[in-house]
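In case you want the letters, here they are:
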Amino acid sequence: MAVEQPLPASAATPGDQTRIHNIGYRNYDGPRLGRSYATRSLYSQSLRGAYGLGRSVKSKVLPMLLFVVMCVPAAIMVAVAIATKARELPVDYTRYAIIMQAVISLYVASQAPQSVSRDLRFKTVPLYFSRPIETADYVRAKYAALASALFVLTAAPLIVLYVGALLAKLDFADQTKGFAQGLVSVALLSLLFAGIGLVIASVTPRRGFGIAAVIAVLTISYGAVSTLQAIADAQNSTGAIPWIGLFSPVTLIDGVQSAFLGASSAFPGAAGPGNGEGAVYVLVVLGLIAASYGLLMRRYKKVGL
């Protein structure tokens, strides 16, 4: 018959050493805010980031400087109009963004990579998608944030012009109409430029490459189209000038506003598009905006895997 041996002292359960510690864990019983709140938060943070708010002083320098550069010429025009008692502003509302397109392009080139390239570089995109937020929410938030930032950049000088025109006692109806047309123009410009900038920036996680690529697309396309239009004008091929303008974001906006918003065209010989050609311009602009959104959706479906 087997005799049960007692456990050695070293193997005995040390009951007198057992402790239960209350470290304060408890269940979360607050509101579940869900996807919409997460999307709004991402939008607001991205919009703030486009002007360096909530970030280091270094991050604020360039966007704030570009904002000032956009507004200062408008303030000077207003001061001159008031001092000289002019009967109209030196520049139409719809022309201002076209004149300042180099500043706008630089802003897009600097902030589009900041918005999306950092997430790719530090591999934080999958962390976003581990929460209730989905691919479409991320894309919409980023797109809307950069478009809103661009609208602020381009609409602010128009507000300066409008307020200055009223202070100069220019015709209220004419100024209000021109101001509204200018807002429509810069809204289209903001959507188009934001989409193009984000698509290019989302290709590479390296911010420097993104900046160079956006600048190249926006500035080289404008320079090439302007050169071809000048050649066509010199050869008396004025009918080709509006069609050449379809191949640059800046000239696309110029064509839309000259066809439908009463703006004077910057095309050589003032050969802006007519109503039929203007309809093509509108379709191309809307198509590019939709294509930019679609390409971003496709890109981030892959990134989130």
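Residues numbered from 1 in each chain as written. Predicted model: local features only at pLDDT ≥ 70, side-chain atom pairs only at ≥ 80, totals over all residues. Heavy atoms only, no water.

A. Inspection of the pattern of salt bridges at higher detail. According to the stated counting rule, one finds five salt bridges in the structure shown. Between Asp 254 and Arg 95 there is a salt bridge, with its nearest N and O atoms 3.5 Å apart. Residue Asp 254 is located in helix α10 (residues 249-260), and its partner Arg 95 is located in helix α3 (residues 93-99); the two are separated by 159 residues in the primary sequence. There is no split in this pair, since Asp 254 and Arg 95 are both buried. Its salt-bridge partner being Asp 119, residue Lys 142 comes within 3.5 Å of it at the nearest N-O pair. Remark: Asp 119 occurs in helix α4 (residues 101-121) and Lys 142 occurs in helix α6 (residues 135-167); sequence separation between them is 23 residues. Asp 119 carries the same exposure label as Lys 142, and that label is buried. Put simply, Arg 35, Glu 134, Asp 137 and Arg 140 are held in one network by salt bridges that share partners. (Salt bridge = Lys/Arg side-chain N within 4 Å of Asp/Glu carboxyl O. Helix = DSSP H or I, 4+ residues; strand = E, 2+ residues; numbered from the N terminus. Buried < 20%, exposed > 50% of the residue type's maximum accessible area, 1.4 Å probe, protein only.)

B. The arrangement of α4 in detail. Here α4 is 21 residues long and its end C-alpha atoms lie 29 Å apart, about the 30 Å a rise of 1.5 Å per residue gives. Of all the bends in α4, the greatest measures close to 35 degrees and is centred on Gln 114. Burial analysis of α4 places 17 of its 21 residues in the buried class, the great majority of the element. Just downstream of α4, Lys 123 is the residue with a positive phi angle, here 55 degrees. (Expected span 1.5 Å × (residues − 1). Bend = angle between axes of the 7 residues up to and from the residue.)

C. Spatial organisation of the nonpolar core. Judged by nonpolar contacts, the single largest core of 73 residues is most densely connected at Leu 161, Phe 193 and Tyr 300. Ranked by the residues each element gives to this core, the list is headed by α6, at 14 residues. Ignoring sequence-local partners within four residues, the contact set of Phe 193 consists of Ile 104, Ser 105, Val 108, Leu 150, Leu 218, Pro 249 and Val 250. (Core = buried A, V, L, I, M, F, W, Y, C linked by side-chain atoms within 4.5 Å. Contact = heavy atoms within 4.5 Å.)

D. Just unusual backbone geometry, in detail. The backbone of Lys 85 sits at a positive phi, close to 55 degrees, despite the residue not being glycine. Topologically, Lys 85 is positioned in the loop between α2 (57-84) and α3. You can call Lys 85 exposed: its relative accessible area is 74%. Phi is positive for Asn 236, which is not a glycine, with a value near 60 degrees. Secondary-structure assignment places Asn 236 in the loop between α8 (207-234) and α9 (241-244).

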